[in-house]
Amino acid sequence: MPMVIPEVSAYTGPKNARKLSLDPLAERYKLIGTHFWPRFHLHHYVTGARVWIPDPEQVWRFAELTKDYKDNVVAVIYEDAQTEEFKVKSDEDLPPLRNPDILLGENDLTSLSYLHEPAVLYNLQVRFCNHNAIYTYCGIVLVAINPYDELPIYGPDTISAYRGHNMGDLDPHIFAVAEEAFTQMERENKDQSIIVSGESGAGKTVSAKYAMRYFASVGGAADSETHVEKKILASNPIMEAIGNAKTTRNDNSSRFGKYIELDFTQNYSILGANMRTYLLEKSRVVFQAPDERNYHIFYQLCAVASEEKLKHLRLGHQDNFHYLNQGFSPHIDGVDDGADFHETCQAFNLLGIHEKSQDQIYRILAGILHLGNVTVEESGTDSSSISKGDEALQIASDLFGVDVDDLRKWLCHRKIVSGREVFNKPMTVTEATFSRDALSKHIYAKLFDWIVSEINKCFAAKTRPYRFIGVLDIYGFETFEINSFEQFCINYANEKLQQQFNQHVFKLEQEEYVKEQIEWEFINFYDNQPCIDLIESKLGILDLLDEECRMPKGSDQSWVEKLYDKCKKWDHFSKPRLSNTSFVIAHFADKVGYECAGFLEKNRDTVSEECVNILKSSQYPLVRALFTEKAKGAQTKVKVMPAGPAKSKDMRKSVGSQFRESLSLLMTTLNSTTPHYVRCIKPNDDKMAFTFDPTRAIQQLRACGVLETVRISAAGYPSRWTYNEFLCRYRVLCNSRDIQRNDVRVTCQKIISNMISDEDKFKFGRTKIFFRAGQVAYMEKLRADRLCACGVMIQKNVRMFIVRKRYRTMRSAALTIQRYSRGMVARRRVHHMRQTAAAIKIQACMRGWLKRVRYQRLKYTVIRLQSRARGTWARQRFEHMRRVRACIVIQKHIRKYLAVKHFRMAVRGFITLQGLVRCFLARRMLKKLKIEAKSIEHQKKLNKGLENKIISLQQKLTEMKHENNNIKAYKEEITTLKSQVVEMKALENQLKGSTNRVTELEALVTKLTGEVEFERGEKMDILTQKEQAEKDNRELVERLNTENARLTEELNEAQKEEVMRQGEELLRRKFEAEKQQIIMESSEEKAAYQRLLAEYNRLEQKNDILEEQLAKVKGGSHKRSASNVSNSGASDTPTELVRDDIMDLNSMMGDEDVGYGSVRSRMSENSDSSRNLENIEWESPQKIPNADIKIQVPEKLQELEMENAKLKDDLNRLRKSIADSEPQNNQVQEFMKQFEALQDELERRREECIQLRTVLANRSHDIRSLTENSYGKDVDIVNEDGELAVAYQTQKQVNRQLEEELKTEKMRHKETESEYKSELERLRRDNERQQKLLSQNLSKGGGSHPEALLQSEIMRLTSENLNLQGQVDSLTEQLKKYKRTLKAYAKKLKETSGTDPSDLLDVTNNETDVMPVIRKKEREYMGMFEYDRSDEMQIIRVLIYELKPRVAVTFLPGLPAYILFMCIRHTDHINDDEKVRSLLNNIVNGVKRVIKKRHEDLDSTVLWLSNTLRLLHNLKQYSGDKAFQAENTVKQNEQSLKNFDLSEYRQVLSDIAVWIYNGVIKLMEEKVQPLIVPSILEHEAIAGLSGNKPGGMRGRAGSVARELESPVEPQKALDLLLKEMTQFYRTLAMFGTDPELITQVFRQIFYFICAGSLNNLLLRKDMCHWSKGMQIRYNLSHLEQWTRDMRLHESGVTDTLAPIIQAAQLLQARKTDDDVHSICDMCDKLSVSQIIKILNLYTPADEFEERVPISFIHKIQTKLQERAEGEQAQATLLMNTKFAFPVRFPFNPSSIHLEDIELPDSLNLSMLKKV
């Protein structure tokens, strides 16, 4: 059944072709570029061939031929197993072929073997949906598909990865296009432009933004965006607010076009920017279609209308404004208009537009909204008016700052000039409404232009730019159901841009062929010049539109009729059959019908001049500025209806004319630049992430020119190979004899001649081979067949080998099995015979055993049964007897219970009976008593009872009197107790300093007094009851009570005075006794302490002598210490120590004292102390009864004082509360005054005690004499309780401890000395051993490393020289010693024998004369260099400025640092602050200056990195800090800095070292960077092993060849990289860099190698296959082996290569569902996005390798989601190449002695003197 092919109206026919006509197939399929493949692929239409069939829904549908093509019949089967068969008219109508699977997902569409529309569409769909790749090349065009999702591919690392690469080297990206433009600007010195186009919602603005970000990064700061780029990005919110709106296709559609020029200086850094806008859609201000919105800024203002600063705008909800409620869609999902408004305000502030101007902008915008609410009413037939009560007009006038009456008048009237007369003509309602809307549009357009101009002022550069790169963000081709003037202008602009695009693509294609010097026929390309002529030529559409606008009564209908008449000659113009108000233009993308309604008014864009004049008179400057002409010839996009003469009509320009001129200017600008194209595609209309709609995509591909590029490429030679790439790929198709290695071109010609016979199918260029479309697929098929045949051959032989080996193995195994089987059978038979004999024997024994066992079991069973039965019977009898006995007991108790119960019932009955009888008798007696009571005798008995009661009361009164007497006795006892309490209170107050007990006793007395008063009250109550009978007795009692009270008070006062006197005397005596005892003990302790101190001084002097003897092993301090201070105060040390002890004792005794020795002056202390001593009465403490006072030990004094202070505070608070609670109570106030007086007395006496203690401490001798005079030999009475003896023992124990510490210190010094001596001996032996090893290594080296050996030899000779010098010094000392001994012996010999020993001495002298020896002057150096301040700069110049690395390498490593530090030591030795500061500052500045000057010299930077660190280590080692002295010798500790703390300079040197380190890393990275990709990714140990896939246009004409960078050959790159690394290592080691620092350096370098290679791998699809993974892993193994050779592998340097190693392993790993877990575990150092990216990029190099299924990638992604939740740091795709590990400089002390360092003669430092 033949298939009907749907017509597509994307192509306009063959008349527009320039040279050749198009094929009929193009007219049948209406496809661009699909008419080139059928002519030479007929032999491919066989069974199994894969083709594309057109489909109404899927556009193109994949199918496979079920039989060979013949007789014009095509039979296919679809993917869903549906079959179909149809006929084609001719061979040229055959369906297009599908590309091989190996070409699926290619980066460049031109690399496809079959170039046609279905191949392009399917390749884009595979890349977008399966690989999540949104960018694809199509020749020079970058196709960008909007993903509707955030992708991590725009970070700084991605920018760095694309910097410096050709356009086809890495995966397609907007950064690659930007890099191409920037590089061409640098190399060709020509302006560039990037044209970004596409329909609304395709992502044009985002693409332009990222392009500008790239330019800012490479043209500005490397790590951050430049200031200009920040301003450009800040302008985006503003331009989106005032220029973007919601449409039916896009929620944030740009309703204007813009062209941004980024200006660059001669150094190609961003200088400024400029923005031009095109065709703002002003009609949207007053009208919106359904489901659309006005510009965002209006809704933002309404969202924040309630804010205080915007209330004066009097805005409200957007539905209340006519200009905002017409679309019925005021909200956008996910958009917060209020937040966007604040972002817009922030952008205004960043661009420097002050708040006053912002407020006027908001006024104008709000005025437009209110102006739209003005209601025009009909006031007559042809007139209209606006009500005076119209609130909207009043608000709009206020916001515009104009007169409301004028505005009301001219909105409804217009001025007509006729000759010299002027008439005011009223307007109808329709005209007035149109005038209002026109004014609103005009105001908004003016405001838009003003904001753009202000932004350009902010972007403007101060100097003239050198070059620029323009980014054009312009609307794409548009077609709607109703198309008006705006769509006409947009499509007109796209026609011009498409023409420029076609010409540029054609030009590049032709230039490529000319450059390669191949002959070919010039191809046809679609030329849309006729369509452009239809629009802009004379009597074209725009010309007729302008002519109609100039007509007084011109209308849209008359204009369209003119179009029908004048434009019918154009093939691109047509009239619809069913409409007289529209016309159709055949654009390059599609036919579009335009409605003529509104064309004239929009083209005129008129506004009332009177209304404009009103706005010019506004009181607001911004409103006036919008309508003021700034220049005479300035262009205006809107003209104003004049009121003057008609002579200015010629000066007017319509909107169409203005747009044509601006478009012409834009095209002139673009033609003067090198254009780069970005075509943005909208994949679906639902804004779903990574969802591809083929129908929508193909419409845009046809409209944006992508298929035109494909068609032009397919018309020529789209497949291009370099000769080397072709040979590597198709070498398998030739024999080895055909290969000529010296001439690759000849070899390629032989290969092609064997494959392709038609010479038109290929061409040989200078550097490339060009193939027609489809030839690469044919060659791939031949290659696959050859590889398949080779594989079959290999499989045949391998299988034969495997089968033969298997047969031989099986035969050998069979023989072996037979041999062992026969032996096993024989052994089994013998074993069976033995088993049979043994079984018989076993059976006999077993049967006997069984019988015996059976008998024994039976016997055992019978016995057990008998025993059990007998036991059971016995238990049963016992149980019966027990039950019988229990029954008897139960019967006994029951019978007892019944008897008792019966008895109790009888007793209860008897009692009841008795009770009843007695009641009866009692009632009878009661009756008798009642009768007797009524008689007289009974009354008499009652009176007699009353008399007895009175007598008893009198007796009771007598008893109360006795009790009263007893109470008086109790009072006396209470008084006595009170006096004792007062006495105890006084004693406690004096001894403990506390009044808490007094308060308690007073409370107790008060309580007792209350009890007495209570008893007195009871007594008075009793007396009151008998007042009449005992009046005299009461008066007596009252008199006695009064007298008793008076006597009690007198007694209390007398007792208080006596107790106070006795307490004072007792306190004085106790204190004096304690004082004397303390004085005596202090004198003894002082004498003992003086003796101990003398012994300590003697031992200390002895220790100093020993330390002087050990001067070489004793160190100092880095700061000013006590050793540098004058010894003038040494004699005062004992006294000061004693005073400190006394002060400590005083501080323990009282914390509240003002001063322990300074209460009064020294004279007052002497006078007071003498006076107090004279008044002391020495009485025995035993005279006072009940006085138990103990002397408190000093340890408890502080605790008691603290408790006393606490109690005092509590007492004061209590006292204050009592006084405040009863202010009127005089007794309380009097008591408080007495208490305060006592407290003052106590304080005074306490102060006297303190003064006495002070006098005792200062005048111990006088007090000791006084004590002896007073007590004589009875001084021991002071220490009756023994506490002072305890204190004395404590003091002696302290002294003994000091002596032990002194002895310990001596022992430690001796041990230190012995340890240092043993350490010196060990170092000497180690040094000798190392010298031996070094000499052995030198003998074995054989001169392989001359520089390293020379350096080692110099170090060895220097060490030997120092050792020999030490030996010479020791021998000199021994010689002196021997001389002295010889002289002593000679003297003794002369005295004993009288022989003159001069002969012997003469012999020695003669020998000396014969062999003269020049001995070194004996001197012990201090390890420092002395210099003059004036020579400081000379030293810095020689050691820093003029020191060359080749000279420094001959010295001791770090020698300049040692010399500089020895100079610093001298400044410290002489204690010269200015000199050390000047020296250190000059050192720091000198190093900085040298590094800045020689920052590109690796040797110089490494030299000063090593010396800076050595100087830093020396400053630490000799700082005196114990943390840095652990490995120092005693001599090195002695050489520590004494006077200066240089820790701040250590920090400065550390910062400089970090700076130099970063410079070294940067130099190394710059040298390594060109080698990373060739050595790690591209290097192949076996050339051609991986095989390159068919490539596209890498290195095409659009890309810039970077000959200056001279890329390294991949085959040599790995060796060069290892050579560079070895050179780095040697340089670091040669200058003595610390090993830890070397490890850090290579750790950073290896990370940089890993990051660079992995980032490049993630951006290169051609590298992601199995064989390349194997090559990468092999290349990395060389680096790992290098670290092992350099002994760096143990430090974890290779751990930084883990990501790239895992990436290589991922490429090699199996990718089945069973391997999901293993792959996830293996790639723990790769982020989730990196793993998914590699799997998406994985492309088999051959058809024999399977592709990665999408389902497998989804499983990996699901599995990795668990890890991704905690993987925030690995969220980015690319590794950060700028990442740096923290720099650490571990402390590395030097074992070289400063005194052994000598100055080389080559340094010419004669001004330095070693001291």
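Residues numbered from 1 in each chain as written. Predicted model: local features only at pLDDT ≥ 70, side-chain atom pairs only at ≥ 80, totals over all residues. Heavy atoms only, no water.

How would you sum up the overall build of the protein? Please name residues and give values.
In terms of regular secondary structure, the protein is built from 50 helices and 25 strands. Considering the protein as a whole, with its 1811 residues, one finds that 45% of them fall into the buried category. In the protein, 74% of the contacts between residues at least 6 apart in sequence involve partners at least 24 apart. With the model as given, the accessible surface of the protein reaches about 98,700 Å², and the carbon-plus-sulfur share is 53%. (Helix = DSSP H or I, 4+ residues; strand = E, 2+ residues; numbered from the N terminus. Buried < 20%, exposed > 50% of the residue type's maximum accessible area, 1.4 Å probe, protein only. Contact = heavy atoms within 4.5 Å. Areas by Shrake-Rupley, 256 points an atom, 1.4 Å probe, with all protein chains shown as cover.)

Give a description of the sheet that holds strand 17 (residues 573–574) that names residues and reports values.
The strand order across the open sheet formed by three strands is 17-18-19, and the pairing between neighbours is antiparallel. The strands lining the two open edges of the sheet, one partner per strand, are strand 17 and strand 19 (591–595). Pairing geometry for strand 18 (residues 582–586) and strand 19, over five bridges, is antiparallel. Bridge pairing links Ala586 to Lys591 in strand 19. (Pairing = 2+ DSSP bridges.)

Any chance you could break down the nonpolar core for me, citing the residues and the numbers?
Counting 320 residues, the largest nonpolar core has Phe215, Tyr444, Trp559, Phe583, Phe1642, Leu1657 and Ile1756 as the members making the most contacts within it. With residues near it in sequence (within four places) discarded, Leu1657 still touches Leu1577, Met1663, Cys1664, Ile1672, Ile1700, Ala1703, Leu1707 and Leu1737. Counting residues in each nonpolar core, the second largest holds 19 residues, with Cys734, Met755, Val776 and Met779 among its members. (Core = buried A, V, L, I, M, F, W, Y, C linked by side-chain atoms within 4.5 Å.)

Give a description of helix 12 (residues 429–459) that names residues and reports values.
With 31 residues, helix 12 extends 45 Å between its outermost C-alpha atoms, agreeing within 8% with the 45 Å of an ideal straight helix rising 1.5 Å per residue. In terms of burial, helix 12 is a largely internal element, 22 of the 31 residues being buried. (Expected span 1.5 Å × (residues − 1).)

Any details on a nonpolar patch on the surface? Residues and values, ideally.
Residues Ile794, Val798, Phe801 and Ile802 make up a contiguous nonpolar surface patch of roughly 400 Å² in combined accessible area. Within the element layout of this structure, Ile794 appears in helix 25 (residues 775–933). Residue Ile794 is classed as exposed on the basis of its relative accessible area, which comes to 53%. (Patch = residues over 30% accessible without salt bridge, like charges linked within 9 Å, V, L, I, M, F, W, Y side chains within 5 Å. Salt bridge = Lys/Arg side-chain N within 4 Å of Asp/Glu carboxyl O.)

Describe the confidence of the model for the protein, listing the residues and the values that go with them.
Interpretation of this model should avoid reading the predicted coordinates in detail wherever pLDDT is low. Residue-level pLDDT values for the protein average 77, and 76% of them are 70 or greater. Within the protein, helix 7 (residues 296–303) carries the highest mean pLDDT (93), whereas helix 1 (residues 24–29) carries the lowest (35). Below a pLDDT of 50 lies the segment residues 1–40, which in the model reaches 92 contacts outside its immediate sequence neighbourhood of four places, other chains included. pLDDT under 50 marks residues 221–225. Its contacts with residues more than four places away, or in other chains, come to seven contacts. (pLDDT = per-residue confidence, 0-100.)

Describe the pattern of salt bridges, with residues and values.
Two side chains that carry opposite charge are able to pair once their charged atoms sit near each other. Using the criterion set out here, one finds 39 salt bridges in the structure. Between Glu1442 and Arg1437 there is a salt bridge, and its shortest N-O distance comes to 2.1 Å. What makes Glu1442 partly exposed here is its relative accessible area of 42%. Among the ionic contacts, a cluster of salt bridges with common partners joins Glu199, Lys682, Asp685 and Arg696.

Any details on the packing of aromatic side chains? Residues and values, ideally.
Evaluated as defined, the whole model comprises 38 aromatic pairs. Measuring from ring centre to ring centre gives 3.8 Å for Tyr154 and Tyr210, while their planes differ by 0 degrees; the resulting arrangement is stacked. Note that Tyr154 is positioned in the loop between strand 6 (141–145) and helix 3 (156–162) and Tyr210 in helix 5 (residues 204–219), a separation of 56 residues in sequence. For the pair shown, Tyr154 and Tyr210 are each scored as buried. Between Phe477 and Phe588 the ring centres are 5.9 Å apart and the planes differ by 70 degrees, which places this aromatic pair in the edge-to-face class. Residue Phe477 is found in the loop between strand 16 (467–473) and helix 13 (485–515), and its partner Phe588 is found in the loop between strand 18 and strand 19; the two are separated by 111 residues along the sequence. The buried category is assigned to Phe477, whose relative accessible area is 11%. Aromatic ring contacts, followed pair by pair, group Phe485, Phe488, Trp559, Phe573, Phe583, Tyr594 and Phe599 into a single cluster. (Phe/Tyr/Trp six-rings, centres within 6.5 Å; stacked < 30°, edge-to-face > 60°.)

Tell me about helix 15 (residues 541–550), and name the residues and values.
Here helix 15 lies mainly inside the structure; seven of its ten residues are buried. Within the span of helix 15, buried status applies to Ile541, Leu542, Leu544, Leu545, Asp546, Glu548 and Cys549. Buried positions along helix 15 lie against helix 13, helix 14 (529–536), helix 16 (556–566), strand 18, helix 17 (599–604) and helix 20 (655–671).

Got a sec to walk through the sheet that holds strand 23 (residues 768–771)? Specific residues and values, please.
Pairing is antiparallel across the open sheet formed by three strands, whose spatial order is 21-23-22. Strands with a single pairing partner mark the edges of an open sheet, and in this sheet they are strand 21 (719–722) and strand 22 (762–764). Adjacent strand axes in the sheet meet at a mean angle of 20 degrees when their direction is disregarded. Bridging between strand 21 and strand 23 involves four bridges; their strand directions are antiparallel. From the neighbouring strand, Thr722 faces strand 23, where its bridge partner is Lys768. Along the sheet face, helix 23 (residues 723–730) touches strand 21, strand 22 and strand 23 and points at about 95 degrees away from the line of strand 21. (Axes fitted to C-alpha atoms, helices over the stretch in contact; angles between N-to-C directions.)

Provide a residue-level description of the environment of Gln529, including the pertinent values.
Structurally, Gln529 is set in helix 14. Look at Gln529 and you get partly exposed, because its relative accessible area is 25%. Put simply, Gln529 and Gln498 are 31 residues apart on the chain and 9.9 Å apart in space, counted from C-alpha to C-alpha. A distance of 2.7 Å separates a polar atom in the side chain of Gln529 from a polar atom in the side chain of Asp533. (Polar contact = N/O pair within 3.5 Å; in protein donor to acceptor, adjacent residues only side chain to side chain.)

Quick rundown of the environment of Leu1542? Include the residues and the values.
You can see Leu1542 is positioned in the loop between helix 42 (1530–1534) and helix 43 (1543–1578). Judged by relative accessible area, Leu1542 falls into the buried class, the value being 8%. In sequence terms Leu1542 and Val1476 are 66 residues apart; their C-alpha atoms lie 9.8 Å from each other. Once residues within four sequence positions are removed from consideration, Leu1542 is found in contact with Ile1464, Leu1480, Leu1515 and Leu1537.

Give a description of the side chain of Asn494 that names residues and reports values.
Note that Asn494 resides in helix 13. A residue is classified by how much of its surface remains accessible, and Asn494, at 7% relative accessible area, is buried. For Asn494, the side chain forms a polar contact with the main-chain oxygen of Ile490, separated by 2.8 Å. Once residues within four sequence positions are removed from consideration, Asn494 is found in contact with Tyr475, Gly476, Phe477 and Phe588.

Let's hear about the packing of helix 2 (residues 117–130) against helix 21 (residues 694–704): which residues, and what values?
Relative orientation and spacing of two packed helices are given, respectively, by the angle between their axes and the distance between those axes. Where helix 2 meets helix 21, the axes come as close as 11 Å, and the angle between the chain directions of the two elements is 120 degrees. Classified by the interaxial angle, the pair formed by helix 2 and helix 21 is oblique. Considering the relative orientation of helix 2 and helix 21, their crossing is right-handed. Here Glu117, Val120, Leu121, Leu124 and Gln125 of helix 2 lie close against helix 21, whose contacting residues are Pro694, Ala697, Ile698, Leu701 and Arg702. Of the residues assigned to the contact of helix 2 with helix 21, the class counts are seven nonpolar, one polar and two charged. (Parallel < 35°, antiparallel > 145°, perpendicular 65-115°, else oblique. Left-handed = near helix turned anticlockwise from the far one by under 90°. Nonpolar A, V, L, I, M, F, W, Y, C, P; charged D, E, K, R; others polar.)

Describe the packing of helix 45 (residues 1635–1658) against helix 46 (residues 1666–1685), with residues and values.
Where helix 45 contacts helix 46, the two axes come as close as 13 Å, and the packing angle between them is 175 degrees. Taken as axis vectors, helix 45 and helix 46 run roughly antiparallel relative to one another. Counted together, Phe1642, Phe1646, Ile1649 and Leu1657 of helix 45 and Ile1672, Leu1679, Trp1682 and Thr1683 of helix 46 form the full contact between these two elements. A class-by-class count of the residues in the contact of helix 45 with helix 46 yields seven nonpolar, one polar and no charged.

So what's going on with the side chain of Thr975? Residues and values would help.
Within the secondary structure, Thr975 is located in helix 26 (residues 936–992). Here Thr975 falls in the buried class, since its relative accessible area comes to 7%. For Thr975, the contacting residues outside a window of four places in its chain are Thr1048, Leu1051, Asn1052 and Gln1055.

Describe a positive patch on the surface, listing the residues and the values that go with them.
On the surface, Arg923, Arg924, Lys927, Lys928, Lys930 and Lys934 cluster together to form a positively charged patch. For Lys930, the position within the fold is in helix 25. (Lys, Arg positive; Asp, Glu negative; His and termini not counted. Charge placed at Lys NZ, Arg CZ, Asp CG, Glu CD.)

I'd love a proper account of the pairing of strand 7 (residues 192–197), names of residues and values included.
Strand 7 sits mainly inside the fold: six of its six residues count as buried. What you see with strand 7 is no split at all: Gln192, Ile194 and Val196 on one side and Ser193, Ile195 and Ser197 on the other are buried throughout. Examined bridge by bridge, strand 7 and strand 16 share five bridges and lie parallel to one another. Of the residues in strand 16, the one forming a bridge with Ile195 is Leu472. Pairing of strand 7 with strand 20 (residues 674–681) involves six bridges; the strand directions are parallel. Each residue of the ladder has a partner; that of Ile195, found in strand 20, is Tyr677.

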